[in-house]
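Read off the chains here:
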Amino acid sequence: MSAPMDSNLLQQLGLKHPLIVAPMAGGPTSVDLVAAASAAGALGAMGGAYLNAAAIEAFAAQVRQRTDRPFSINLFIPHSVPEVATDRVERAAAATARYRRELELPSPQLVPPYEEDFDAQFEAVLRIKPACFSFVFGPLPAGYVREAKKAGIPLIGTATTLDEARALEESGVDAVVLQGFEAGGHRGIFDAKAADPEIGMRDLLVQCVGTIRLPLIAAGGIMTPSDIRAALQAGARAVQMGTAFLTCVEAGTSAPYRRKLLETPERRTRTTRAFSGRFARGIENRFMDEMDGKPDAILPFPAQNKFTRDIRAASTAKGLPDFLSLWSGTGKGELWQGSAAELIGRLFAE
């Protein structure tokens, strides 16, 4: 096994700034955003979880047409999920029937598989050979770790607790993203059924610095230059930021999602399982408020994610934020509407 990346991880990657622009699967992470972030001296990260192997390769090729700078690819670690029982699907369909009527959608048909083929996705990553491969929802199984090492691709896992960070370290990753409770989007918790440990980014850093011997990347609630400085002073080697980049011109954030982000400076966010079956943090809206009161009608991940896809797509098409997963962190700070390069320049101006 090759030695883990040491403290000059960022120099090895040739980064100008200790920043990863977070992988935001499902739209916001566009080819343009990944390329712009990398070209500006940060590490652009492609959220590839919802793409098949061919789409991942096409995306990476387009990034490489725009920049020769390093970028990473992020995927979801799969967990075997049995086929969801018919009565559960019927309960979920009944609970969401009025939304589908409002959005003029037919009754849902939910059949497995509920997610993309991870093996095919991973083989695409090996062919692409990105600067890094990152992942959430658990450790990468040993066979995949060996293949990535053989291909010379550094690995970055995601932890929400010290125990998860330890498990990642033992699995052979090269760096760990410490995802605080403040982070927008999916929580990286290993066990989809577990309660959220709800540990803030600062506390997580305190627990892991000096215990985990790998470079630590702080994520969650980071929006400003002072947020970045505080995380680096607390022992992080780099930061990962997503929400701050959602309204950049290059982001693929949909029009109703972008509008909601900009019209709500005091973003009221919380974690919910309503959209995907896994905890994720987003701006409160009607779907979240109403479905959170019906936990028995929410299917397990990733079935719920597939089950609500038509609702989210129709909500976007109609320009309505009411039924969208409006992923957003808790960080305070004005959202930037210029280019990603300008934002990165502002964040590291001093």
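Quick notes on the rules
Just so you know, the residues in each chain are numbered from 1, in the order the chain's sequence is written. Only residues with pLDDT of 70 or above have their local features reported here, since the model is predicted, and side-chain atom pairs are shown and tallied only from 80 upward, although totals for entire chains, interfaces and linings are computed over all residues. Think of the side-chain values as coming from all heavy atoms in the structure, minus any hydrogens and water. To obtain each axis, a line is fitted to C-alpha atoms, and for helices this fit is confined to the stretch in contact; angles are then taken between N-to-C directions over 0 to 180 degrees. Strands here are runs of E lasting at least two residues and helices are runs of H or I lasting at least four, both read from the DSSP assignment and numbered beginning at the N terminus. We call two directions roughly parallel when the angle between them is under 35 degrees, roughly antiparallel when it is over 145, roughly perpendicular when it lies between 65 and 115, and oblique otherwise. In this scheme the crossing of two helices becomes right-handed for a clockwise turn of the near helix relative to the far one and left-handed for an anticlockwise turn of less than a right angle. Only heavy atoms enter the contact rule, under which two residues are in contact if any of them lie within 4.5 Å. Expected span of a helix: the number of residues minus one, times 1.5 Å. For every residue, the accessible area obtained with a 1.4 Å probe (protein chains only) is divided by the maximum for its type, and the residue is called buried under 20%, exposed over 50%, and partly exposed between those limits. Note: the arc covers the axis-to-C-beta directions of the helix. At every residue, the bend is computed as the angle between two fitted axes, covering the seven residues ending there and the seven beginning there respectively.

What follows concerns the packing of helix H5 (residues 118-128) against helix H6 (residues 142-150). Running from N to C, H5 and H6 point in directions that differ by 15°, and their axes come no closer than 10 Å. By the criterion of interaxial angle, the relationship of H5 to H6 is roughly parallel. Handedness of the H5/H6 crossing: right-handed. Here Phe-118, Asp-119, Phe-122 and Leu-126 of H5 lie close against H6, whose contacting residues are Tyr-144, Glu-147 and Ala-148.

Attention now moves to helix H3 (residues 53-66). Spanning 14 residues, H3 covers 20 Å between terminal C-alpha atoms, matching the ideal 20 Å at 1.5 Å per step. Listed in full, the buried residues belonging to H3 are Ala-53, Ile-56, Phe-59, Ala-60 and Val-63. Burial along H3 is one-sided: seen end-on, the buried residues are contained in an arc of 125°. Turned more than 90 degrees away from the buried face of H3, the exposed residues are Ala-54 and Gln-65. Contact partners of the buried residues in H3: helix H2 (31-39), strand S2 (43-47), strand S3 (71-76) and H5.

To continue, consider helix H4 (residues 86-102). An α-helical turn contains 3.6 residues, so a residue and the one three or four places further along point in the same direction. Spanning 17 residues, H4 covers 24 Å between terminal C-alpha atoms, matching the ideal 24 Å at 1.5 Å per step. The sharpest bend along H4 comes to roughly 50°, located at Thr-96. Residues of H4 that are buried include every one of Val-89, Ala-92, Ala-95, Thr-96, Tyr-99 and Arg-100, and no others. Considering only its buried residues, H4 is in contact with helix H11 (286-291), helix H12 (303-307) and helix H13 (309-317). Positioned one or two residues after H4, Glu-104 has a phi angle of 60°, which is positive.

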